[in-house]
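Overview (structure and organization)
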Amino acid sequence: MSKREAFSEAACKENVEDFLRFIRLHKDKTEPFDVEEVLQEMPSGQRQSLWRKLASLLQDVLQELPPDRWEEETESAADPKPAMAVLDGVTLVATLSVKVLQDGDAYSALVEIAHRLQDVLASLPVSETPLQLRLHALCEAWWKKDLPEKERFGRTAFLVSLQKSFILKKPGVEIQRVWSLHDVLPSLDYSSEDNKQIVDALLQSFHRPTSVRSDDGKRFLVFLFSWKVDFIGIIHRTIKNQLVFYSKSITAHIMEIYFRAWRKASGEFQERIESSCVQDLMQNAIFLYRSSPVHAKVRQIVCYFHTRKGCRQVDKMLHNLYKPILWKALSAPNFEVRANATFLFTDAFPLHDPDQNAKNIDEAVQKQLDTAMGLLDDPHPTVRSNATLGVCKILAKCWELLPPAIIADFLKKLVVELAADSSSPDVRCSVFKCLTIVLDNTLSHPILEQLLPTLKYSLHDNSEKVRTAFLDMLIKVKAMRAAKFWDVCKMDHLLARLAIDSHCVCRRIVDLLFKSFFPVSESEREWCCRCITLIQMSPGAARKFYQHAHKHTAPTNIIKLMLAIRRVLNRCIQSEGDRDANEGGKESGAAEPLLGKDTALVSRLLEVVVILWRSVEKALRQNQEALKYTLAKFGNVLAKYFQAFEDDQCTAALVQLASLMPPAAVPTFSCGVLSRLRRMEAGSAPVQYNQLLDCMCSWGQASNVVELVTDWLAEALPKQRDKPTARRRVRIQETAEAKPDVALVYLEYLLSHRSAREKVLDLGERPLKQLHAVLGSWRSVLLTRLGCSTADPKLPGEGTALGVFVFHGRLSAHLQHRSSEGREYLLSLEHVAAWLAERVLPLLTKHPNGNEEEEEEEEEEGRPEKPRPLAAQITESFLTVCRDVLLVGLADGEFKGQILHLCSLILLSEAGYRCIPAVLPVLKEVVDGCAPEDDDEEDPNAVLLGVVANIFQKIIELLARCVRKGPAEGKRLSRAAVPSLAHFLQAAQMRDSAPLRGIFSTLFAVVIVEKGHLLQKIAQPAEAIAPESVEDMPPLSSVLLSVILKSPPVTRAFLKEVGSSLDSGAIGSLYELAAILHVLSVVTHAGKAEVKHAAASVQQRLHTHAVSSSEDGDVQRAIYESSVKTLNQILDL
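Conventions we followed
- Residues numbered from 1 in each chain as written.
- Predicted model: local features only at pLDDT ≥ 70, side-chain atom pairs only at ≥ 80, totals over all residues.
- Heavy atoms only, no water.
- Helix = DSSP H or I, 4+ residues; strand = E, 2+ residues; numbered from the N terminus.
- Rg over C-alpha atoms; globule rule 2.2 N^0.38 Å.
- Buried < 20%, exposed > 50% of the residue type's maximum accessible area, 1.4 Å probe, protein only.
- Contact = heavy atoms within 4.5 Å.
- Areas by Shrake-Rupley, 256 points an atom, 1.4 Å probe, with all protein chains shown as cover.
- Core = buried A, V, L, I, M, F, W, Y, C linked by side-chain atoms within 4.5 Å.
- Salt bridge = Lys/Arg side-chain N within 4 Å of Asp/Glu carboxyl O.
- Axes fitted to C-alpha atoms, helices over the stretch in contact; angles between N-to-C directions.
- Parallel < 35°, antiparallel > 145°, perpendicular 65-115°, else oblique.
- Left-handed = near helix turned anticlockwise from the far one by under 90°.
- Nonpolar A, V, L, I, M, F, W, Y, C, P; charged D, E, K, R; others polar.
- pLDDT = per-residue confidence, 0-100.
- Polar contact = N/O pair within 3.5 Å; in protein donor to acceptor, adjacent residues only side chain to side chain.
- Expected span 1.5 Å × (residues − 1).
- Disulfide = S-S within 2.5 Å.
- Arc of directions from axis to C-beta.
- Phe/Tyr/Trp six-rings, centres within 6.5 Å; stacked < 30°, edge-to-face > 60°.

Notes on the overall build of the protein
- Within the protein, the regular secondary structure consists of 60 helices and zero strands.
- Taken against the 2.2 N^0.38 rule, which gives 32 Å for 1133 residues, the C-alpha radius of gyration of the protein at 44 Å runs more than 25% over that of a compact globule.
- Taken along the three principal axes of its C-alpha coordinates, the protein extends 130 × 110 × 85 Å.
- By the burial criterion, 52% of the 1133 residues in the protein qualify as buried.
- Residue pairs in contact within the protein that sit at least 24 positions apart in sequence constitute 72% of those at least 6 positions apart.
- Accessible surface, the protein as shown: approximately 53,400 Å² in total, 50% of it carbon and sulfur.

Right under this line is the structure:
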């Protein structure tokens, strides 16, 4: 039996295993059996017989196991795998049969098979993906073979391919297949419910970046615009809704799709694209707010059509579509509409109808030029800025076509008027940014060469962005060789600005001047001469120039310049035996410039060497050979420099240079640095010791400085001179007294400068613990000072003791930050807090010397305030340290709780109210560092915030009491608390946590009580008038409201509390309602909606006092009438 006959006999239910065996042989690449060859060799009748048998087999299989039972999971359920195998085999044979189908074949049985297989496609489980692919291939082959009912099969193949293109990670092949099947669409009705799934999938294609980016995907999306006329609007709405999610690159593909769709369309389709899509985008580009997230993308799409100008069809389309909307928008009342229209108008310039004659076109263009000139005079700076950009684009693009008079008028308008527009730095900035566009056209260079020098003073504009734009323009002038930049702006102006300006400005000036003062192509001697010239012209500019020089040349050139300067300096100290100078002369190849006795110039050159060395320090570390060479060269002469250049400025620069070298390279100098630090006297200028400390730290000898500081502070402690606290490593040969003041300035420098602080903190635990212990011991000095009524000359000064106390806290914070685990140093701070509460707060009294009457007289007479009591200074200093610990996130919940407890104790002490300005920053940092879980009252953070709210309430009570009992002191204290109070309220408002809402209740209550109390004291009806400003409110209310009104969010939170208090019904008296109206009258500008809501609530309660007020006397009647008047004014806003 032949293969054909055997295969035909196997296609039945009885021989299904043989059929499946043949299918497996076909799939096995090592076997010669091929179903397609067998089908081709079969005669027509045998193929028809095979198809009939397969149709019967397929029917039997589907009857035994219908599709609705394929995914049953019961124990009695039949295994669907055999049925799936049969389906797979039948699908394979059917697909290959379609390929070998010949004219004259009767394939009704094959049609029956195809229909049955298509019906089961939707019922296949997900696990049968290979079978789905075969069914998909069958439908596609049926469509391409143009067989009967191809639309049905084509629709299925198209939908499956489209859906697969959405889910595959690499859908390129499926997108190609979708494009190959796009001819299926014309036979479908998009408005039919049966095709809704396809329509949704088509629209989803515009959401898929892979479809939008690929070439076949673009062809398909462009084709969709020509499917149905009414479908164009649906596509456009889909794209607009999705536009906010498109990236800039995807938007670029979308704009290409729009343009290609318009260009390929014709007749009704093109008209619909123009009216529904392009013109709609134009209107959106004009009328959208500039802050809209889609405005830039809409403008990007519209501007793509502008870039295709020059084609007759595009020019006509732009002219027709813009005509009804653009010219009206250019004169619209809204400045944003005018600005958007200005941008589009100038970007699309010139707009004309190519069908008109030349005369009409010229008149239209001239009218547009006049319009552009008028836009440069628009009253709003945004419009003028856009007009400046547009005019410069027009000049760059159409220079050859414009009359010289018009060009001159435009440039004079820009350079003479708008570049000096005093009303807007944005306009001035736009002029310089946009002139670079004009410079791209070389024909503009002659006239700009004459006009640009008039802009030279723009380098000194008070706006940094204007100066930056001006320099960018100069750099463009230099690059284009349009003019000599020093003719536009003189060199002395550039150097003066370089010496004092910000980093971004200086960077551009150095870019401009680099080749002038560092000509890399010239000799090293020339570099040195230029360097000296620059220093003589402006020492400050020279410093800035060489700080940025390494960004413009290789490190090798920087090192060469350093060595060239060294040779120049060597000539200043040249002697008969100085071979190095002679060597330098040989290296230079020519005589070096002589400096004479100009010590100022020598010091500047040394500073330049230091600056250059620091700029290439990293590169030197990476090249050990160059580092050794440089160190050897400078190490040989540094000692001679110290001897020859004894001027203070030279010495300072030499010390900095020595700090960049290892101590072994400068042995003479390095051996004496510590001795110089020991001999330093209190009151010395920082420049005398700062650089020495830098040297010690950079040499890895910070431990010697820390030990010196520790020894001095330990020796200065009373009654502890015979009890050394640390083992000495620094041996002092001569007898010297302790210098705690000098130790403090050293410690200040070491902990305040990052590089020095890192070196100190890297010393390890032992020396720093010793220093920490000594610093903590000074609390005994503070206690002694607190208990002394007269100054004891044997004790260290108050300022010194207080400074040591502060540094103990700061060092604790640094050590806790470096500590990998534990809270040892936080515990140390908690012990200090306990010490302060036990020993210092009892001494924090209102009148420490008992001179209450004298103090009150001083307040009344306005005499200068005496120094604050030491107890208050100690308390405030410690609170400042705690605030910093909280600020940098070192505090845990226990520490926060301890510090809040201390704040409560401070406020409860006799004169604790004076520390309110120091307590508020601590509360603010606690609020910033606590994020409680929603609706969890037992959360530790929520508990801490509740404590903060209680402390704040106590603060407000103390302020109110202080203002009431001592108005002068209360007013002074309230003003001192304003900055920290403002920051605290902003933090509380941002956190918006339930425990903190009582803060605004407290503020509202104190304002209403104070104002209500004042209203009750009114004796004359004429006094019952509403305040006009915050200053007219009572003292404390005035301060609190001024703080609240500084921040709109805080103001809204306060007004929200006003509204909720009124809604609760807790307020009902006439005086309270009048007080609320007085508050609302001074905050009306802050939030009209909230103010009106509160006023409406007051109105509901105020009418109940109308009768009683007329019966209770003139004052209450006056208050009621004034309240009604104020209420009406608020409601009429």
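Section: the nonpolar core
- Counting residues in hydrophobic clusters, the biggest one holds 397 residues, and the most contacted among them are Phe19, Tyr546 and Leu1080.
- The leading source of residues in this core is helix H51 (residues 940–965), at 12 residues.
- If sequence neighbours within four positions are ignored, Phe19 has contacts with Phe7, Ala10, Ala11, Leu54, Leu57, Val86, Gly89, Val90 and Val93.

Regarding the pattern of salt bridges
- As enumerated under the stated definition, the model contains 43 salt bridges in all.
- Here Lys316 makes a salt bridge to Asp355, at a shortest N to O gap of 2.8 Å. Of this pair, Lys316 sits in helix H17 (residues 312–322) while Asp355 is found in the loop between helix H19 (335–348) and helix H20 (358–375), placing the two residues 39 residues apart along the sequence.
- For Lys413, the salt bridge goes to Glu417, with nearest N and O atoms at 2.8 Å. Here Lys413 pairs with Glu417, and both are found in helix H22 (residues 404–417), just four residues apart, close to one helical turn.
- Three or more residues joined by partner-sharing salt bridges are found here, namely Glu140, Lys144, Lys164, Glu174 and Arg177.

What to know about the environment of Ser56
- Assignment of secondary structure puts Ser56 in helix H4 (residues 44–64).
- Look at Ser56 and you get partly exposed, because its relative accessible area is 37%.
- C-alpha of Ser56 to C-alpha of Cys12: the two residues are 44 residues apart in sequence and 7.4 Å apart in space.

Quick look at unusual backbone geometry
- For the bond running from Phe349 to Pro350, omega is -5 degrees, close enough to zero to count as cis.
- Tracing the sequence through the fold places Pro350 in the loop between H19 and H20.

Concerning the packing of helix H2 (residues 16–27) against helix H5 (residues 81–100)
- For the pair H2 and H5, interaxial distance at closest approach is 10 Å and the crossing angle is 60 degrees. Taken together, the axes of H2 and H5 lie oblique to each other. In this structure, the crossing between H2 and H5 has a hand that is left-handed. Side by side, H2 and H5 meet where Val16, Phe19, Leu20, Ile23, His26 and Lys27 of the first sit next to Ala85, Val86, Asp88, Gly89, Val90, Leu92, Val93 and Leu96 of the second.
- Classifying every residue of the contact of H2 with H5 by side-chain character gives 10 nonpolar, two polar and two charged.

As for the confidence of the model for the protein
- Scored by pLDDT, the protein comes out at a mean of 85, with 90% of its residues at no less than 70.
- Note that pLDDT drops below 50 for residues 850–856; the model gives that stretch five contacts with residues more than four away or on any other chain.

Quick notes on the side chain of Asn570
- On the secondary structure map, Asn570 appears in helix H31 (residues 555–572).
- In this structure the side chain of Asn570 is engaged in a polar contact, spanning 2.7 Å, whose partner is the side chain of Tyr641.

A word on helix H56 (residues 1048–1063)
- Across its 16 residues, H56 extends 22 Å between first and last C-alpha, which sits within 8% of the 22 Å expected from 1.5 Å per residue.
- Looking only at H56, the buried set comprises Val1050, Thr1051, Ala1053, Phe1054, Leu1055, Glu1057, Val1058, Gly1059, Ser1061 and Leu1062.

Regarding the state of the cysteines
- A complete count under the given rule lists zero disulfides for this structure.
- Residue Cys531 stays outside any disulfide, its sulfur separated by 6.0 Å from that of Cys528, the closest cysteine.

Here's the deal with the packing of helix H13 (residues 229–242) against helix H15 (residues 267–287)
- Two numbers describe how H13 lies on H15: the axes approach to 9 Å, and their chain directions differ by 25 degrees. Relative to H15, the element H13 lies roughly parallel. For the pair H13 and H15, the sense of crossing is right-handed. Together, Val229, Asp230, Ile232, His236 and Lys240 of H13 and Glu268, Phe269, Arg272, Ile273, Ser276, Cys277, Asp280, Leu281 and Asn284 of H15 make up the contact between the two elements.
- Broken down by class, the residue content of the contact of H13 with H15 amounts to six nonpolar, three polar and five charged.

With respect to the side chain of Gln816
- Topologically, Gln816 is positioned in helix H45 (residues 798–818).
- For Gln816, the contacting residues outside a window of four places in its chain are Gly822, Arg823, Glu824, Tyr825 and Leu826.

Here's the deal with the environment of Leu162
- Turning to its location among the elements, Leu162 is positioned in helix H8 (residues 150–167).
- Here Leu162 falls in the buried class, since its relative accessible area comes to 1%.
- Setting aside residues up to four positions removed in sequence, Leu162 forms contacts with Val178, Ile198, Ala201, Leu202, Ser205 and Phe220.

Focus: H2
- Across its 12 residues, H2 extends 17 Å between first and last C-alpha, which sits within 8% of the 16 Å expected from 1.5 Å per residue.
- Looking only at H2, the buried set comprises Val16, Phe19, Leu20, Phe22, Ile23 and His26. Along the long axis of H2, the arc covered by the buried residues comes to 155 degrees, so they all point the same way. Of the residues in H2, the exposed ones pointing more than 90 degrees away from the buried face are Glu17 and Arg24.
- Of the surrounding secondary structure, the elements contacted by the buried residues of H2 are helix H1 (3–10), helix H3 (35–41), H4 and H5.

Overview of the environment of Leu1127
- For Leu1127, the location among the structural elements is in helix H60 (residues 1114–1131).
- Setting aside its immediate chain neighbours within four residues, Leu1127 contacts Leu1077, Ala1095, Gln1099 and Leu1102.

Some words on the packing of aromatic side chains
- With the rule as written, the count across this model stands at 27 aromatic pairs.
- Plain terms: the ring middles of Phe259 and Phe305 are 5.5 Å apart, the flat faces sit at 70 degrees to each other, and that makes the pair edge-to-face. Highlighted residues: Phe259 in helix H14 (residues 248–264) and Phe305 in helix H16 (residues 295–307), separated in sequence by 46 residues.
- The exposure class of Phe259 is buried, given its relative accessible area of 3%.
- The class of Phe305 is buried, set by a relative accessible area of 2%.
- When the centroid spacing of 6.2 Å and the interplanar angle of 40 degrees are considered together, the rings of Phe805 and Phe878 count as tilted. Residue Phe805 is found in helix H45, and its partner Phe878 is found in helix H48 (residues 870–887); the two are separated by 73 residues along the sequence. When sorted by exposure, Phe805 lands in the same class as Phe878, which is buried.

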